[in-house]
Amino acid sequence: MTQAVAVTLLTGFLGAGKTTLLNHFLRHHADASVAILENEFGAANIDGALLQRGESVQVIELSNGCVCCSVRGEFRAALTGLLARRAAGELRFERLIVETTGLADPAPIIQTFFVEEALRDALRLDAVITLADCEHIARQLDEHPVAAAQLGFADRILLTKTDRVDGATREAAIARVHGINPKAQIIDIVQGECPAETLAGSGCLRPQR
């Protein structure tokens, strides 16, 4: 029986730095056996245009709206298509990174990996990573309930833009985040710089030799 593909769900409110993180990963791990399912809200694939393609990294873009609103449609079809191409030998990847739009509620996306019979055995949700903009997270949480939902489902929270705030603001952001999700590991990152293992639940995301 083929081993299930490990999936990392990458979430975070608008401007938190998800694309910056992926660009850093692609610059330093271009030979990783990874597929990236990248979603942008709106007609223009702004994030897709910024992504620097690695030689063996497969990037698939969704542009027909927020992925959480099309779980039963384009998102499920994209996952099924990726698996079919992998089974046929057209694509080679050992991990799938799903980057959601900043407006996405992660709940229905996560549910997809457990309730869709065709996907449940083939995909294993390994990590839910949420980026939190240290500079703006307080306002985002006050104004947008989905920002709290993104933090609440996270296994690991990457605190971004810490270089742009003072110590008191950083500590206040950590306290706010910790109040929503006291169990998640919180890691500071600057300009998307972090080890590749940070994007995995079990430290298995490494370049293939």
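In this text, all values refer to a predicted model and were calculated from it rather than measured experimentally.

This part is about helix α4 (residues 106-115). All of the buried residues along α4 are Pro106, Ile109, Ile110, Thr112 and Phe113. End-on, the buried residues of α4 take up no more than an arc of 140 degrees, which puts them together on one face.

All right, on to the side chain of Asn181 then. Considering the arrangement of structural elements, one finds Asn181 in the loop between α8 (167-180) and β7 (185-188). A polar contact of 2.9 Å, which involves the side chain of Asn181, links it to the backbone oxygen of Ala154. Contact partners of Asn181, with chain neighbours within four places excluded, come to Leu151, Gly152, Phe153, Ala154 and Ile157.

Before going further, it helps to spend a moment on the pairing of strand β2 (residues 34-39). Across the 6 residues that make up β2, a large majority, 6, are buried. Residues Val34, Ile36 and Glu38 of β2 are buried on one face, and the alternating residues Ala35, Leu37 and Asn39, pointing to the opposite face, are buried as well.

On to unusual backbone geometry, then. One non-glycine residue, Lys161, lies in the positive phi region at around 60 degrees. In this fold, Lys161 is placed in the loop between β6 (156-160) and α8. Notably, Gln191 is not glycine yet its phi reads approximately 55 degrees, a positive angle. Structurally, the position occupied by Gln191 is in the segment after β7.

Cut-off values and rules
Residue numbering note: each chain is counted from 1, following its sequence as written. Reporting in this predicted model follows two pLDDT cut-offs: at least 70 for local features of residues, and 80 or more for side-chain atom pairs to be given and counted; totals over whole chains, interfaces and linings ignore these cut-offs and use all residues. Computation of side-chain values covers all heavy atoms of the structure but excludes hydrogens and water. Whether a residue is buried, partly exposed or exposed follows from its accessible area with a 1.4 Å probe, protein chains only, as a fraction of its type maximum: under 20%, in between, or over 50%, in that order. Think of it this way: any DSSP run of H or I at least four residues long counts as a helix, any run of E at least two long counts as a strand, and we number them from the N terminus. For this quantity, the arc is that covered by the directions from the helix axis to the C-beta atoms. Polar contacts here mean pairs of N or O atoms no more than 3.5 Å apart (in protein, one a potential hydrogen donor and the other a potential acceptor; neighbouring residues in sequence count only if both atoms are side-chain atoms). By definition in these notes, contact holds between two residues if any of their heavy atoms fall within 4.5 Å.

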